[in-house]
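Close look at the chain arrangement
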Protein chains: 2
Amino acid sequence: MNHTERLTRYVTQFVDELVQSGVTDVVISPGSRSTPLAMTFTQHKGIKQWINLDERSAGFFALGMAKEQNRVVALVCTSGTAAANYYPAIVEAYYSRVPLLVLTADRPHELRDVGAPQAIDQIHMFQPFIKWFHEMALPEGTEEMQRYVRSKASRAVHVAQDGNRAAVHLNFPFRSPLVPDFDLPNVWERTLSEGFHSNVNGRRRLDAHELITLHERLQHKERPLFVVGPQTDEALRYELIQLAEQFGVPLLADPLSQVRSGVVEEEVIIETYDAILKSEWAREHYRPDVVVRFGAMPVSKPFMLMLNEYEDIEQWIVEAHEGHREPTSRPANFVYSDPVLFCMDYREAFPQFSFNRSWLETWQRLNKEAKSILLSDKEENSLTEGHVISTLLDELNQDETVYIGNSMAVRDLDTFFMTTDKRIRVLANRGANGIDGMVSSAFGAASHGAEVTLVLGDLSFYHDLNGMLVGKQYGLPLRIIVVNNNGGGIFSFLPQAEQSTDFEELFGTPFELDFEKTVSMYGGRFFRTQSLEVLRAQLATAPKGLEVIEVVTNREINAQWHRTKWREIEETIREGAET
Amino acid sequence: MNHTERLTRYVTQFVDELVQSGVTDVVISPGSRSTPLAMTFTQHKGIKQWINLDERSAGFFALGMAKEQNRVVALVCTSGTAAANYYPAIVEAYYSRVPLLVLTADRPHELRDVGAPQAIDQIHMFQPFIKWFHEMALPEGTEEMQRYVRSKASRAVHVAQDGNRAAVHLNFPFRSPLVPDFDLPNVWERTLSEGFHSNVNGRRRLDAHELITLHERLQHKERPLFVVGPQTDEALRYELIQLAEQFGVPLLADPLSQVRSGVVEEEVIIETYDAILKSEWAREHYRPDVVVRFGAMPVSKPFMLMLNEYEDIEQWIVEAHEGHREPTSRPANFVYSDPVLFCMDYREAFPQFSFNRSWLETWQRLNKEAKSILLSDKEENSLTEGHVISTLLDELNQDETVYIGNSMAVRDLDTFFMTTDKRIRVLANRGANGIDGMVSSAFGAASHGAEVTLVLGDLSFYHDLNGMLVGKQYGLPLRIIVVNNNGGGIFSFLPQAEQSTDFEELFGTPFELDFEKTVSMYGGRFFRTQSLEVLRAQLATAPKGLEVIEVVTNREINAQWHRTKWREIEETIREGAET
């Protein structure tokens, strides 16, 4: 068997097994060394291939796609710094538990560490942010090595998706010549009709005895809160609401919990807790005696602050798999169980049980008051960043998706995303909370037909302008709302803002970019407005391709507006408490 | 001592010691956690601060600056994926031996690995591409810890620049509040008038006995070649030419060796060896019996091919420090000595010695013939990629700098950069040969007044469009020549090109971007031309700010033109050999 046949059979078996194992999409950044993988993916009928030239964007594009599609997406790049550009997306995937399959081409061993061009040390180069690394053998054509390569493909897909998801990295040494020969007989031949490995995946759950023990510790609590942070499981949304309803517990729902939308019975859902708990007084008076928490830590800083301030708040944290998302350093009880099964089992085990409902009613009153203040000037034709969010949510249709940027955007969403019976999916990159890769992530989420609106700040938009290219190349529709306060607005809320020297240069980062030009280069339509009316009109029609709406706001006015609202909420709930 | 005082004294001592140790520039990407470092750098009078919003661009900006200035440049970013964006530049710095000082802010230990926002595992996150990592202690104000922090600052600067240069990474855990208080008494106080550590740096050199032994092995060679690859030491240029002149040895000089320009006596310099050795016949007939090589491996693939083809070529490789840049897997003799001292010592040890000069004359003839063919249609008003390079070189003034892109651009430079008495500095990112970060690298090189022209392909330009922002912010002049063949032209030369299926999508990567729009967003002037005349006129005046000249070429015609030239050269030199 000659070199080309060995190469061809090795790579075709690998790619075929990925497809057999359920991989449907691969994102390729062109290069030379990766030719065998790239050409083989192109030849295989069972996989959709996306070209994305900037590997940093490619990484986030795959991340957004994997997140929205809820399955592993493969990435292919050539050797050298190309691979290093994946790093930010791989880090984000690790912390936000998104499955990726990173396939890097490499020089063969004899060209490593000897000054050969475009050869860097790719072994474990993404540690510790991946679940599994394997240095693939050089292509061989023996039956044994065809089994080896199928086994590795199958296993890589499984590992990326099992337990806490993350990226898996396989590194492929390839020798020249790099072009496979697909005319060889039976290059796609399968030895098994099903995938190489088959997996039956059990889920962790508590037994009856464990549930009783847990309930004994919880049942006499007087001020329980259920808290659900960022998570994407639709089933959990339903079960959590059922459990909270039946037990009579306020359910503090993060904007990324998927719980604020698609709800018919919304009484238990408290969506304004971030605004309420901004008040020190409220944190003292309405603090829980126990918190049962699901998903990642909520976006809300005041909530976190409350946990830090009061050591008498007992914490229960439900995690599906090994994990330790508990940033307060307070004692905590971890429940390692599939959260959906946990809710179902707990509710069914104690069908008659309820906590004291007056505590729930108190939170319902607080929530109603805060909500009414936050929405009171909604119809004014002035545009604060909060108005942008609430207008968007009003105009979105059932089943649309919001991809929300970090920094200010996600905080505004937290404040203004009120419960709705419309199903609205909310995605974000809350693993490492970076402002990078947002445009690419949103295009990834939009790649399979979802109607996506990305909301982000100008700094974050700038960071991933390159991400617009993939939209142009594939004609993907995406609406982007850029909240342009000409720099990093979130810093206006920090103590640094008061140190006026150097503030503007270091933290305000004004940069005066006319994004219209770049948007137009990528074939997008661009609108700029400072009017609520115009924004609403613009949101009324679905975008056909890329559409960028820049909303110009004022950092100072915005910060002031928020402070006024928070003060008003505190005053109102204190009055309410006194009467 | 309270928290703010501890923080302030710790960070001011650190920053002051960096300045004492010779750090003159810091590139800051704004963020919150990095506030103590960012504000302290801003306060210190002894250091120039650059704001660069995209950390990937910031990394390359610092790289270009460090390369051009020949000294360490510091980088500051916040925690999370911000740091991960430095990865490509850090990898490039490692392989091209550029000193960087990477300062990442981090969450304190109690907020790590517990699901806290923007906290990722930053310990050793750039391994194995850095020279030294140190996790800094939490800020403390004791005298001992002020000595500690000064010692680490001083050492970091030294390590980055000593031996084979690379990045050093210091990770700083900071607790809130993050704002230092510069009104405290004596925050900048120095315990020592000089830097904390002082270093006397010796250089490796051979002793008389070692030189004699070496000479015994070389002196009877009949076909010796000196080869100098990418390197930036001006002194080496001079000494190498002296040595080659005296010993009568052809000096094959890479376009990045700094040897092709600023030369008065140019007879020994062979600049067309890449074109000559493209001929299999020439490789056979004009192969050396010994190669003495300096710097990194040359860009030329035919040269590398020749080393691989003929095992009777003895190799001597001169390295200043530990290193092993020998990609052929052939036996090699390493000379670990400062290359400048090696040339001086060798020449002075054997002042009467010369190799057989007819071998030098043969190479001089080949070089003359190849040169005349390559330049024969120089005056035609058609624009191949080669014409772009030779026109640029004609128009450049003394002491200007060319930053050359990877892929096709550097190969064209290799072919068309003929010796000149003008001093022209040539920089490139040849560590990992990535196409990323080029715009930022070139702005970094232009940051201290050098007149820089960046030449790169459209794909590479696209990859770092974000890099233009720093130019706008600081009004840095830079000329960029984008050779736009609408996609990855280098692939037209690869075997993959013959597989027409999928070629255009996978390797041609046409993307039809009208760069004028984005250039204009960044405040640059833009010109597009297909005419040599217009290009020449454009190059006649120095750019005031950012100026982008897009030269539209045709991939097919260009590849064809090169092939014709190579054939013509082979025919001519074969005829010359027969007569």
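Remember, predicted model here, so these are calculated numbers, not experimental data.

The next subject is the overall build of chain A. Per the secondary structure count, chain A includes 22 helices and 18 strands. Expressed along its principal axes, the backbone C-alpha trace of chain A runs to roughly 90 × 60 × 45 Å. Considering only residue pairs separated by 6 or more positions, chain A has 78% of its internal contacts joining residues 24 or more positions apart. For chain A, the computed accessible surface area is about 20100 Å², with 47% contributed by carbon and sulfur atoms. Counting 57 positive and 81 negative side-chain charges, chain A places the centres of these two groups 3 Å from one another.

According to the stated counting rule, one finds 49 aromatic pairs over all chains in the structure shown. Their ring planes at 80° and their centres at 6.4 Å tell us that A:Phe226 and A:Phe294 sit as a pair that is edge-to-face. In this pair, A:Phe226 is assigned in strand β7 (residues 224-228) and A:Phe294 in strand β10 (residues 290-294), connecting sequence segments 68 residues apart. Comparing A:Phe226 with A:Phe294 shows no difference in burial state: the two are buried. On the numbers, 5.8 Å between centres and 90° between planes, the contact of A:Tyr346 with A:Phe350 is edge-to-face. Exposure remark for A:Tyr346: the relative accessible area of 2% places this residue in the buried category. Through a chain of ring-to-ring contacts, the aromatic side chains of A:Tyr87, A:Tyr94, A:Tyr95, A:Phe126, A:Phe129, B:Tyr87, B:Tyr94, B:Tyr95, B:Phe126 and B:Phe129 assemble into a single cluster.

For any two helices packed against each other, one specifies the crossing angle of their axes together with the interaxial distance. All names here are of chain A. One way to put it is that helix α8 (residues 234-247) packs onto helix α12 (residues 339-349) with a least axis distance of 9 Å and a crossing angle of 25°. If you check the angle between α8 and α12, you find them roughly parallel. Relative to α12, α8 is oriented so that their crossing is left-handed. Here Ala235, Leu236, Glu239, Leu240, Gln242, Leu243, Gln246 and Phe247 of α8 lie close against α12, whose contacting residues are Pro339, Val340, Cys343, Met344, Tyr346 and Arg347. Residue composition of the contact of α8 with α12, by class: 10 nonpolar, 2 polar and 2 charged.

The next point concerns the pattern of salt bridges. Oppositely charged side chains can form a pair if their charged atoms are brought close together. All names here are of chain A. All told, the structure shown has 54 salt bridges over all chains when counted by the stated rule. Arg9 is paired through a salt bridge with Glu5; the nearest N and O atoms lie 2.8 Å apart. One end of the pair is Arg9 and the other is Glu5, both in helix α1 (residues 3-20) and 4 residues apart, which spans about a single turn. Overall, Arg9 belongs to the buried group, its relative accessible area being 10%. Asp338 serves as the salt-bridge partner of Arg203, at 3.4 Å between the closest nitrogen and oxygen. A residue pair is termed long-range when its members are at least 10 positions apart, and Arg203 in the loop between β6 (167-173) and α7 (208-218) and Asp338 in the loop between β12 (333-336) and α12 qualify at 135 residues. Residue Arg203 is classed as exposed on the basis of its relative accessible area of 52%. Each of the salt bridges in this network shares a partner with another, and the network as a whole consists of Asp16, Glu17 and Arg150.

With that out of the way, let us pick up the sheet that holds strand β10 (residues 290-294) of chain B. All names here are of chain B. One open sheet accounts for 6 strands, arranged β9-β8-β7-β10-β11-β12; its pairing is parallel. Two strands lie at the open edges of the sheet, namely β9 (269-270) and β12 (333-336), each paired on one side alone. Sheet topology note: the strand β7 (residues 224-228)/strand β8 (residues 251-253) ladder contains 3 bridges and is parallel. Bridge assignment links Val227 to a residue of β8, and that residue is Leu252. On top of the sheet, helix α8 (residues 234-247) reaches β7, β8, β9 and β10; it is set at about 170° to β7, its chief contact. Along the sheet, helix α12 (residues 339-349) contacts β10, β11 (314-319) and β12; its crossing angle with β10, the most-contacted strand, is approximately 135°.

Formed by 204 residues in total, the largest nonpolar core has its most connected members in A:Phe14, A:Leu103, A:Phe461, B:Phe14, B:Leu103 and B:Phe461. When sequence neighbours within four positions are dropped, the list of residues in contact with A:Leu103 reads A:Phe14, A:Leu18, A:Leu37, A:Phe41, A:Ala74, A:Leu75, A:Val76, A:Cys77, A:Leu170 and A:Phe172.

At an RMSD of 0.0 Å, chain B and chain A line up after a rotation of 180° and a shift of 0.0 Å along the axis. Each copy turns onto its partner about a two-fold axis. The share of interface residues of chain B whose copies in chain A are also at the interface is 99%, consistent with both copies meeting through the same surface.

With that out of the way, let us pick up the pairing of strand β13 (residues 400-404) of chain A. Residue and element names in this part refer to chain A. Most of β13 sits out of view: 5 of its 5 residues are buried. Here β13 shows two buried faces, one formed by Glu400, Val402 and Ile404 and the other by Thr401 and Tyr403. Both β13 and strand β14 (residues 424-428) contribute to a ladder of 5 bridges, which runs parallel. Of the residues in β14, the one forming a bridge with Tyr403 is Leu427. The pairing of β13 with strand β15 (residues 452-457) spans 4 bridges and is classified as parallel. Pairing of Val402 across the sheet is with Thr453, part of β15.

With that settled, the discussion passes to the interface of chain B and chain A. Each partner contributes residues to the interface: chain B has 81 residues there, and chain A has 80 residues. Both sides together, the interface formed by chain B and chain A hides about 6900 Å², and carbon and sulfur atoms give 59% of it. Linking chain B with chain A are 2 salt bridges. Put simply, A:Asp54 and B:Arg56 hold a salt bridge, and the shortest N to O gap is 2.7 Å. Here chain B is connected to chain A by 25 residue pairs in polar contact (both at pLDDT 80 or more). Here the residues of the side of chain B that touches chain A are counted per class, giving 42 nonpolar, 23 polar and 16 charged.

Here the focus is the environment of A:Met438. All names here are of chain A. Inspection of the secondary structure puts Met438 in helix α16 (residues 438-446). As for Met438 and Ile389, which are separated by 49 residues in sequence, their C-alpha atoms are 17 Å apart. Those residues in contact with Met438 that lie beyond four places of it in its chain are Tyr403, Ile404, Gly405, Asn429, Leu454, Leu456, Ser460 and Asp464.

Let us now look at the environment of B:Tyr403. Along the chain, B:Tyr403 turns up in strand β13 (residues 400-404). Taking the C-alpha atoms as reference points, B:Tyr403 and B:His285, 118 residues apart in sequence, are found 35 Å from one another.

What follows deals with the pairing of strand β17 (residues 525-529) of chain B. All names here are of chain B. Bridge count between β17 and strand β18 (residues 546-552): 5 bridges; the pairing is parallel. Within the sheet, the bridge partner assigned to Arg528 lies in β18 and is Glu550. As for the winding sense of the linkage, the β-α-β connection from β17 through helix α21 (residues 532-539) to β18 is right-handed.

Moving on, we get to α1(A). Residues and elements named next belong to chain A. Over its 18 residues, α1 runs 26 Å from end to end, which matches the ideal 26 Å to within 8%, given 1.5 Å per residue. Most of α1 is tucked away: 14 of the 18 residues are buried. The distance from a side-chain oxygen at the start of α1 to the backbone nitrogen of Thr4 is 3.2 Å, and the residue carrying that oxygen is Asn2. Where α1 ends, the next residue or the one after it, Gly22, has phi of about 105°, a positive value.

About the cut-offs
Numbering of residues begins from 1 in every chain and follows the order in which that chain's sequence is written. Think of it this way: whatever chain is written first is A, whatever ligand is written first is 1, and the rest follow in order. Totals for whole chains, interfaces and linings use every residue, but because this is a predicted model, local features are given only for residues with pLDDT of at least 70 and side-chain atom pairs only at 80 or more, for both listing and counting. For the side-chain quantities, the full set of heavy atoms in the structure was used; hydrogens and water were omitted. To qualify as a helix, a DSSP run of H or I must reach at least 4 residues; to qualify as a strand, a run of E must reach at least 2; elements of each kind are numbered from the N terminus. Residues count as neighbours in contact if any of their non-hydrogen atoms are within 4.5 Å of one another. Only the protein chains shown count as cover for residues, with accessible areas throughout obtained via the Shrake-Rupley method and a probe of 1.4 Å. Only four residue types enter the charge count, namely Lys and Arg as positive and Asp and Glu as negative; His and the chain termini do not. Every charge is mapped onto a representative atom, which is NZ of Lys, CZ of Arg, CG of Asp or CD of Glu. Put simply, two rings from Phe, Tyr or Trp (the six-membered ring, in Trp's case) pair if the centres are within 6.5 Å, and we call them stacked under 30 degrees between planes, edge-to-face over 60, tilted for the rest. Burial classes: relative accessible area under 20% of the type maximum marks a residue as buried, over 50% as exposed, and values in between as partly exposed (1.4 Å probe, protein chains only). In this analysis, axes come from line fits to C-alpha atoms, helices being fitted only over the stretch in contact, and the angle between any two N-to-C directions falls in the range 0 to 180 degrees. The scheme is simple: roughly parallel for angles under 35 degrees, roughly antiparallel for over 145, roughly perpendicular for 65 to 115, oblique for anything else. Working rule for handedness: look at the near helix, and if it is turned counterclockwise from the far one by less than a right angle, call the crossing left-handed; if clockwise, right-handed. Here the term charged refers only to Asp, Glu, Lys and Arg, the term nonpolar to Ala, Val, Leu, Ile, Met, Phe, Trp, Tyr, Cys and Pro, and the term polar to all other amino acids, Gly among them. By convention in these notes, a salt bridge is any Lys or Arg side-chain nitrogen within 4 Å of a carboxyl oxygen on Asp or Glu. Here, any two strands with at least 2 DSSP bridges between them count as paired. Take the buried residues of types Ala, Val, Leu, Ile, Met, Phe, Trp, Tyr and Cys, join any two whose side-chain atoms come within 4.5 Å, and each joined set is a nonpolar core. Superposition of the copies was done by least squares, using only C-alpha atoms of residues whose pLDDT is at least 70 in both. What gets called buried area is simply the loss in accessible area from a 1.4 Å probe that two parts show on being joined, summed for both. In protein, a polar contact requires one atom able to donate a hydrogen and another able to accept it; more generally it is a pair of N or O atoms within 3.5 Å, and residues adjacent in sequence count only if both atoms are side-chain atoms. Classification remark: right-handed applies to a crossover when, strands pointing away from the viewer, the course from the first strand over the helix to the second runs clockwise. Working rule for helices: expected span equals 1.5 Å times residues minus one.

Shape is all these values report; function is a separate question.
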